[in-house]
Amino acid sequence: MKKSGEAEEVLKGMDEELLLAPSSFRNPMSTTMRIYRRDLGKLQRDMKSTDLGLGFGARGESKYGAYTAENEHSTQLQSQRALILQGTESLSRATQSIEHSHRIAAETDQIGTDIIEELGEQREQLDRTRDRLIHTGENLSRSRRILRSMSRRLMTNKLLLSVIIIMELAILGAVVYLKFFRK
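Keep in mind that what you see is a predicted model, and the values were worked out from it rather than measured.

Criteria and thresholds
Residues numbered from 1 in each chain as written. Predicted model: local features only at pLDDT ≥ 70, side-chain atom pairs only at ≥ 80, totals over all residues. Heavy atoms only, no water. pLDDT = per-residue confidence, 0-100. Helix = DSSP H or I, 4+ residues; strand = E, 2+ residues; numbered from the N terminus. Contact = heavy atoms within 4.5 Å. Core = buried A, V, L, I, M, F, W, Y, C linked by side-chain atoms within 4.5 Å. Buried < 20%, exposed > 50% of the residue type's maximum accessible area, 1.4 Å probe, protein only. Patch = residues over 30% accessible without salt bridge, like charges linked within 9 Å, V, L, I, M, F, W, Y side chains within 5 Å. Areas by Shrake-Rupley, 256 points an atom, 1.4 Å probe, with all protein chains shown as cover. Salt bridge = Lys/Arg side-chain N within 4 Å of Asp/Glu carboxyl O. Lys, Arg positive; Asp, Glu negative; His and termini not counted. Charge placed at Lys NZ, Arg CZ, Asp CG, Glu CD.

Confidence in the prediction for the protein chain averages 83 pLDDT; 87% of positions are at 70 or higher. Looking across the protein chain, the model is least confident in helix α3 (residues 61-64), with a mean pLDDT of 45, and most confident in helix α4 (residues 66-181), with 90. For the stretch residues 55-64, pLDDT sits under 50, and the model shows five contacts to residues farther than four places along the chain or on other chains.

As structure tokens, then:
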């Protein structure tokens, strides 16, 4: 009965671990837990029936003799031992399964942490790239303004040059007219 109580405590601890396990492991683990609970219940029923059987064997001792009662008692003890060993093996397998789940959860947690760090680095790179693009856009705007002002100056200079050329031609025409045609 003491081992049965310990088994119940272990199963309660496993239930608590099951609640903390990642959702992808919960279904297989809950199935395993149901199997362990069923096995433990079966072991407890067998132990109770064995205890009741021992009581009947003790009453029947006078009927069948001391040797038969001892033989039945020995057989029942062997079956109890086998059941207890089977329960212990089941609990051992459950413990190993939980440890495996813990390792997987730790690995998953580490992978998640690595991914978050990598995403943070990529975000920083994207922020720097965005800042460079903004800076480049500002430089392009300044360049456009400078080119427009240079274009206006060029047009002004061409216009002035054209006016000067026209004035020189008019002066030259007037000088030629006055020198050659006005006499």
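Our next topic: the nonpolar core. In this structure, Ala7, Leu11, Met14, Leu18, Ala21, Met29, Met33, Tyr36, Leu40, Ala94 and Ile98 together form the largest nonpolar core, which totals 11 residues. Elements supplying a minimum of two residues to this core: α1 (2-20), α2 (23-59) and α4. Setting aside residues up to four positions removed in sequence, Ile98 forms contacts with Met14, Glu17 and Met29.

Here we take up a negative patch on the surface. Together, Asp114, Glu117, Glu118, Glu121 and Glu124 make up a region of like negative charge exposed at the surface. Note that Asp114 resides in helix α4.

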